[in-house]
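Breakdown of the fold
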Amino acid sequence: MDWFDGKTVIITGGSTGIGAAFAEALAPRGARLVLVARSKERLETLARDLRSTHRAQVDTVALDLAAPGGVAQLVSALEAAGATPDVLVNNAGFATYGAFATQGLEPQLDEVALNVSVVVELTHRLLPGLVARRGGLLNVASTAAFQPVPFMAVYGATKAFVLSFTEALWAEYRSQGLRVLALCPGATETPFFDRVGAAEASVGAKASPHEVAALGLRALLEDRPSVVHGFGNRLGTLAPRFVTRAQAARITESLMRPRTTAALPAPRSAP
Ligand SMILES: NC(=O)c1ccc[n+]([C@@H]2O[C@H](COP(=O)([O-])OP(=O)(O)OC[C@H]3O[C@@H](n4cnc5c(N)ncnc54)[C@H](OP(=O)(O)O)[C@@H]3O)[C@@H](O)[C@H]2O)c1
């Protein structure tokens, strides 16, 4: 029997991209889905499609997870819908791009809130139930987690957090039967880069979100703490082990450097 059959799976960022691909992969496997994102319309369009194509039970919760009280609101909505989570997929996330101080503070704090604080709070609130039901926790990190990422300094740091946090929980909870995985995609063909708004933020060919989600679901059922999508990405994430930290930061800086001067740090003024 499919492990996901009959399980209630909460997918944050479940309206587009990798989150929607998780939903499309799980609906035919008998999972009950709860999709969470801000856009009610996009969520409902996907949910309607999954209900009619796969007869899946799909609920949607439209809210801003990073707004004050957003996670508590989601937990109340789950209770009201009688949805007892077996699996949590912390997938919602976004990136900003450009030299740190040229970017507004507010979007970068929002990035930390969604990519880090929401992940910690939602995991903390749901984990006892996930453990009790010997369920799963799948957190979406990134290949950005493996080295500092100049011009995406905050994003890289948030994903390093997600990877470290998730691998630690893997070691803490595996003896209790909880499956825990950090999924680390490289560049993936989703609306993610529209929000980033800079071509330089994407390095290498883009993978299909369906392949990325499928790998995550497969790896969650194996006893490993993290998985990187794609052979080239796996090599790339190993490379920092063979150079100094300064070299790793300098190499990434040259790959990520903006092609326009607007996003570069202001030149130092003469003394
Ligand atoms: N695409 C890539 O190249 C790539 C590579 C590595 C890792 N990742 C990671 O993969 C995850 C999914 O990204 P994606 O590529 O699938 O991007 P995406 O298509 O932009 O999906 C982001 C999802 O998060 C939702 N979301 C954004 N802000 C939210 C908020 N404040 N509250 C609730 N939901 C929110 C979005 O819906 P609404 O806008 O309607 O809220 C959408 O459903 C992210 O964690 C990202 O960092 C992506």
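The following refers to the structure shown. Since the structure is predicted, the reported quantities are computational estimates derived from the model, not experimental observations. (Residues numbered from 1 in each chain as written. Predicted model: local features only at pLDDT ≥ 70, side-chain atom pairs only at ≥ 80, totals over all residues.)

With five bridges joining them, strand β2 (residues 32-37) and strand β3 (residues 58-62) adopt parallel strand pairing. Bridging across to β3, Leu 33 finds its partner in Val 58. After leaving β2, the chain enters helix α2 (residues 40-54) and then returns to the sheet as β3, a path that is right-handed. (Pairing = 2+ DSSP bridges. Helix = DSSP H or I, 4+ residues; strand = E, 2+ residues; numbered from the N terminus. Right-handed = clockwise from strand over helix to strand, strands pointing away.)

Read across the open sheet, the seven strands follow the order β3-β2-β1-β4-β5-β6-β7; overall the sheet is parallel. Two strands lie at the open edges of the sheet, namely β3 and β7 (226-228), each paired on one side alone. For this sheet the average axis-to-axis angle between neighbouring strands, irrespective of direction, equals 15°. (Axes fitted to C-alpha atoms, helices over the stretch in contact; angles between N-to-C directions.)

On to the site of the ligand, then. Around the ligand sit 28 residues in total, of which Gly 13, Gly 17, Arg 38, Ser 39 and Gly 93 are the nearest. Contributions of two or more residues to the shell around the ligand are made by α1 (17-26) and α6 (192-196). Sorting elements by how many residues they give to the shell around the ligand places α1 first, with three residues. The residue inventory of the shell around the ligand, partitioned by class, reads 12 nonpolar, 12 polar and four charged. (Near = placed C-beta within 6 Å. Nonpolar A, V, L, I, M, F, W, Y, C, P; charged D, E, K, R; others polar.)

Along its 15 residues, α2 runs 21 Å from first to last C-alpha, staying within 8% of the 21 Å computed at 1.5 Å per residue. The complete set of buried residues in α2 reads Leu 43, Leu 46, Ala 47 and Leu 50. Angular distribution of buried residues about the axis of α2 spans 100°; they occupy a single face of the element. With respect to the buried face of α2, the exposed residues turned more than 90 degrees away are Glu 41, Arg 48, Ser 52 and Thr 53. Taken together, the buried residues of α2 touch α1, β2 and β3. (Expected span 1.5 Å × (residues − 1). Buried ≥ 20, exposed ≤ 12 C-beta atoms within 10 Å, placed from the backbone. Arc of directions from axis to C-beta. Contact = placed C-beta atoms within 7 Å.)

Bringing unusual backbone geometry into the picture now. We note that Arg 55 has phi near 55°; this positive angle belongs to a residue other than glycine. With respect to the secondary-structure elements, Arg 55 resides in the loop between α2 and β3. Residue class for Arg 55 comes out exposed when judged on the 11 C-beta atoms lying within 10 Å of it. Unlike most non-glycine residues, Phe 151 shows phi in positive territory, near 75°. Structurally, the position occupied by Phe 151 is in the loop between β5 (136-140) and α5 (153-173).

Running from amino to carboxyl end, helix α4 (residues 105-132) crosses α5 at an angle of 15°, the nearest separation of the two axes being 9 Å. The orientation of α4 relative to α5 falls into the category roughly parallel. The element α4 and its partner α5 pack so that their crossing is right-handed. Taking contact as the criterion, the partners of Gln 108, Glu 111, Val 112, Asn 115, Val 116, Val 119 and Val 131 in α4 are, on α5, Val 154, Tyr 155, Thr 158, Phe 161, Val 162 and Tyr 173. (Parallel < 35°, antiparallel > 145°, perpendicular 65-115°, else oblique. Left-handed = near helix turned anticlockwise from the far one by under 90°.)

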